[in-house]
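Observations on chain architecture
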Amino acid sequence: MNRIPSVSLRGGADADAAAASAPPPDPAALARWARAFCVIRFDLERGQLVEACYPPDALAAAGGGLDRLVAFSSFPDSMSHHLPRHRSSVHDSLFSFRVPDPSSPRRAFLYGFVFNRQRQDERLPRGGEQKSVVILSHAPYSSLFRLLLQILGPLCFDVGPSALAMVASHVAAWPAPAPGRPMELPIGSAALRVHLPPAADDPGPPPALLPANPSVPYGLFHDADLFAAFRGLLLHLWTLWELMVVGEPVLVVAPSPAQCSEAVAGLVSLVAPLLYSVDYRPYFTIHDPDFARLNALAEGEVFPPMVLGVTNLFFLKSLKSIPNVVAVGSPNPNSTRVLPVGGQLPGNGTNGTPGKLKLDKLAINKFSPTSLLNSIKLRREGPLSLMTEHKEALWSTYAPTTKPDTSVLNRLIDAGVSPRIEESMSVVNNEILRRHFLELTTNFLAPFGPYLRTTTPSEGSSPFVDPPLLPPFHADEFVNGLAARGPGKFLSKRMRSNWLDLYRRFLEGPNFMPWFRQRRAAAEQEQQRLWRQARINVDIEKLMSKMSELERIDSFNAVEQYLLREMEQNSGRGNADSVAACQKLKEDLQAAFSVLPKDMQQLLLSNPKRAVLLQGVQEKAPGANGIVTQTSL
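A brief structural summary. (Residues numbered from 1 in each chain as written. Predicted model: local features only at pLDDT ≥ 70, side-chain atom pairs only at ≥ 80, totals over all residues. Heavy atoms only, no water.)

**Details of the overall build of the protein chain**
Defined as follows: Secondary structure is summarised from DSSP: a helix means a run of H or I of at least four residues, a strand means a run of E of at least two, and numbering begins at the N terminus for each. Contacts are residue-level and defined by heavy atoms, with any inter-residue pair within 4.5 Å sufficient. Shrake-Rupley sampling with a 1.4 Å probe provides the accessible areas, and residues are treated as covered by the protein chains on show and by no other component.
Across its full length, the protein chain holds 22 helices and 16 strands. Here the analysis covers contacts within the protein chain between residues at least 6 apart in sequence; of these, 71% occur between residues at least 24 apart. Accessible area for the protein chain stands at about 30,300 Å²; split by element, carbon and sulfur atoms hold 53% of it.

Shown next, in the form of structure tokens:
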């Protein structure tokens, strides 16, 4: 759990006066991080209402019913079965959602991060009230916004809606986001230390290279608590990993928005560093504009690739064509422990001390007639059994290739009963799981490495030629070659004999082509950078001393071509790197010119533009029309 920084804000009239006197945040600077900060309340007569918003017109200006969509996505479907049964109690929760952006001309999404407070009080109408504080952003910076909500949420309840503008002014003062890098962002009297996930167009590490530091985020939602979200389904994590890799549709059912949004974020993060291109909704409601389309799917029609996190059991009937359903979480929101299937604690620690998770209690190597009967009953009843009792389970028609890795499960530690130990051991378990699945995904993608491998000029060769093209990719040739080579040592120990089927599904699924194109474009860009750097570093005089006259003429033309290209690409930028590159290429052009035959030099100088490029060497040469001119060559 992250320690919550302190923010010095005064309440009541003082807070309102401070907000009124403070200069408004720069809208452009604020938009780099967030679209809106909102307070939404549940009105007994009118339903969900936007009580306050900063900037004031942020939701209304977007159109498309964004205000209504955000409002409906900011509350649990029902509060009655989540609230503790006390005369007066408060229950806070954090969750997230993802909705289409109606203001975007293309298919873009907005991310909502919610601090929801449910207060039960018999003195209030209907015995309670609900309010939510929401941060709406175009960026999936969950590690940042969850921390910020732990400040902003309580502040809004303490000092009122004026806290929105105050916190917005801090956010607007932050530097521009640096995706993929750690940042320290001041807020009040403290600072938020976060490591932002990489940008959407960042290809991440090469597929054949395993990152040395697993804590560095190589994908979205690296802060998701995998162990807590799937503690009762640890044996199914490898099947879930496959479902995500091949882009299968998955319905995630949980008792609360916090649990389902955490599980969906965990699933997306499970396949890092693979670019996950399937639509996902951490908390999906019937008010989402895509619900009508999904609900209208005809019988037998293939469900589109989506991952939907829901709490409303109505979806079990309305989206019954979805082939993979996973139920996660505990119905008791006050419990930080998620029991495995069978209802037994998985630890062997005593007196609250941590111990190893026992695999026999995970039903992997110990036969039990009772567990077999329960498994048969669970499969026979299907996901609709959740209508009567919530239980953690996976229903899927998918035949997995990857086997659960018992060596990884054996390293997991049960946290005992102490909340403090629970927290620290959960961090350890998450590191173990993340490291393994990062290694699994990296090894799975490694066979694509040769199609993404960059080259540099060989020793003594000229860099003033176009780099060779990357090897062409053909799916059939790739699969045939892979079948001949085998899956490699890492995967062969963890996959069944039908491992090629997983690659075929991946190649045909929605994740492969976007990932491969992005990696391919990044490799081509990197190759261009390496060859450009080689041209800057080359000793042109040494290179041309070994060339024939014809090769020298060709080299002169090539150097001139790259100089013009560099000048065109960097026109108006004026940065130090481009200026230095142009200067080096000009010097190389002059050096190449100086070793050419005199008649060729005169012919080249007949072009005025080329003559300008060749300024710098003092030499007399006959100009156009036989006039001798002073040129700098």
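**Brief notes about helix α16 (residues 499-508)**
Counted only if it meets this: Think of it in three bands: residues with accessible area under 20% of the maximum for their type are buried, residues over 50% are exposed, and the middle band is partly exposed, with areas taken using a 1.4 Å probe on protein chains only. Think of it as the arc spanned by the lines of direction from the helix axis to the C-beta atoms.
Residues W499, L500, L502, Y503, F506 and L507 constitute the buried set of α16. Take α16 and look down its axis: the buried residues cluster within an arc of 155 degrees, on one side only.

**Description of the pattern of salt bridges**
Quick note on the threshold: Salt bridges are defined as contacts in which a side-chain nitrogen from Lys or Arg sits within 4 Å of a carboxyl oxygen from Asp or Glu.
This structure, assessed with the given rule, holds 21 salt bridges. In this structure, R293 and D290 form a salt bridge, with 3.7 Å as the shortest nitrogen-oxygen distance. A residue is classified by how much of its surface remains accessible, and D290, at 9% relative accessible area, is buried. Among the ionic pairs, R532 bridges to E566, the shortest N-O distance being 2.8 Å. One end of the pair, R532, is in helix α17 (residues 512-537); the other, E566, is in helix α19 (residues 549-569), with 34 residues separating them in the sequence. For the pair R532 and E566, one class covers both residues: buried. Linked by salt bridges that have partners in common, R98, R107, D279, R281, D288, D290 and R293 make up one network.

**Looking at the sheet that holds strand β9 (residues 279-281)**
Filter applied, for reference: Think of it this way: DSSP has to see at least two bridges between two strands before they count as a pair. A fitted line through C-alpha atoms serves as each axis, taken over the contacting stretch for helices, and the angle formed by two N-to-C directions is quoted from 0 to 180°.
Pairing within the open sheet is mixed, and its five strands lie in the order β9-β10-β8-β11-β13. Two strands in the sheet have a free side with no partner beyond their single neighbour: β9 and β13 (393-396). Averaged over all pairs of adjacent strands, the angle between strand axes in this sheet comes to 10 degrees, irrespective of strand direction. Across four bridges, the pairing between strand β8 (residues 250-253) and strand β10 (residues 306-310) is parallel. Paired with V250 across the strands is V307, a residue of β10. Across the sheet, helix α7 (residues 237-246) touches β8, β10, β11 (324-327) and β13, and the angle it forms with β13 is around 45 degrees. Along the sheet, helix α8 (residues 257-270) contacts β8, β9 and β10; its crossing angle with β10, the most-contacted strand, is approximately 155 degrees.

**Some details on the nonpolar core**
Heads up, the rule is: Here, nonpolar core refers to any group of buried Ala, Val, Leu, Ile, Met, Phe, Trp, Tyr and Cys residues whose side-chain atoms link them within 4.5 Å.
Residues F37, L148 and W241 are the most contacted members of the largest nonpolar core, which totals 126 residues. Looking at this core, the element that brings in the most residues is helix α4 (residues 142-159), giving 10 residues. When residues no more than four places from it in sequence are discounted, the contact partners of W241 are L270, V271, T402, F437, L440, T441, F444, M495 and L502. Counting 24 residues, the second-largest nonpolar core is a separate cluster that includes L543, A592, F593 and L596.

**Regarding the side chain of D288**
For the record, the criterion: Polar contact criterion, stated in full: a pair of N or O atoms within 3.5 Å, where within protein one must be able to donate a hydrogen and the other to accept it, and residues adjacent in sequence count only if both atoms are side-chain atoms.
Relative to the assigned elements, D288 resides in the loop between β9 and α9 (291-295). A relative accessible area of 5% means that D288 is categorised as buried. A polar side-chain atom of D288 sits 2.9 Å from the main-chain amide nitrogen of D290. In this structure, D288 is in contact with L69, R98, V99, P100 and R281, ignoring residues within four places of it in sequence.

**Side note on the packing of α7 against α8**
For any two helices packed against each other, the geometry comes down to the angle between their axes and how far apart the axes lie. Where we set the bar: An angle below 35 degrees is read as roughly parallel, one above 145 as roughly antiparallel, one from 65 to 115 as roughly perpendicular, and any other as oblique. Residues were grouped as follows: Ala, Val, Leu, Ile, Met, Phe, Trp, Tyr, Cys and Pro as nonpolar; Asp, Glu, Lys and Arg as charged; and all remaining residues, including Gly, as polar.
Where α7 contacts α8, the two axes come as close as 9 Å, and the packing angle between them is 75 degrees. Considered as vectors, α7 and α8 are oriented roughly perpendicular to each other. Residues L237, L240, W241 and M244 of α7 pack against L267, V268 and L270 of α8. Per-class residue counts for the contact of α7 with α8 are seven nonpolar, no polar and no charged.

**Section: the packing of aromatic side chains**
The criterion, for reference: Pairing of aromatic rings covers Phe, Tyr and Trp, the last counted by its six-membered ring, and requires centre-to-centre distances within 6.5 Å; plane angles under 30 degrees mean stacked, over 60 mean edge-to-face, and any other angle means tilted.
Applying the stated criterion to the full structure yields 37 aromatic pairs. With a centroid separation of 5.6 Å and an interplanar angle of 50 degrees, the aromatic rings of F284 and F315 are classed as tilted. Residue F284 is found in the loop between β9 and α9, and its partner F315 is found in helix α10 (residues 315-318); the two are separated by 31 residues along the sequence. On the basis of relative accessibility, which here comes to 1%, the residue F284 falls in the buried class. When the ring of F512 is compared with that of F516, the centres are 5.3 Å apart and the planes differ by 25 degrees; the resulting orientation is stacked.

Any functional reading would require information beyond the geometric quantities listed.
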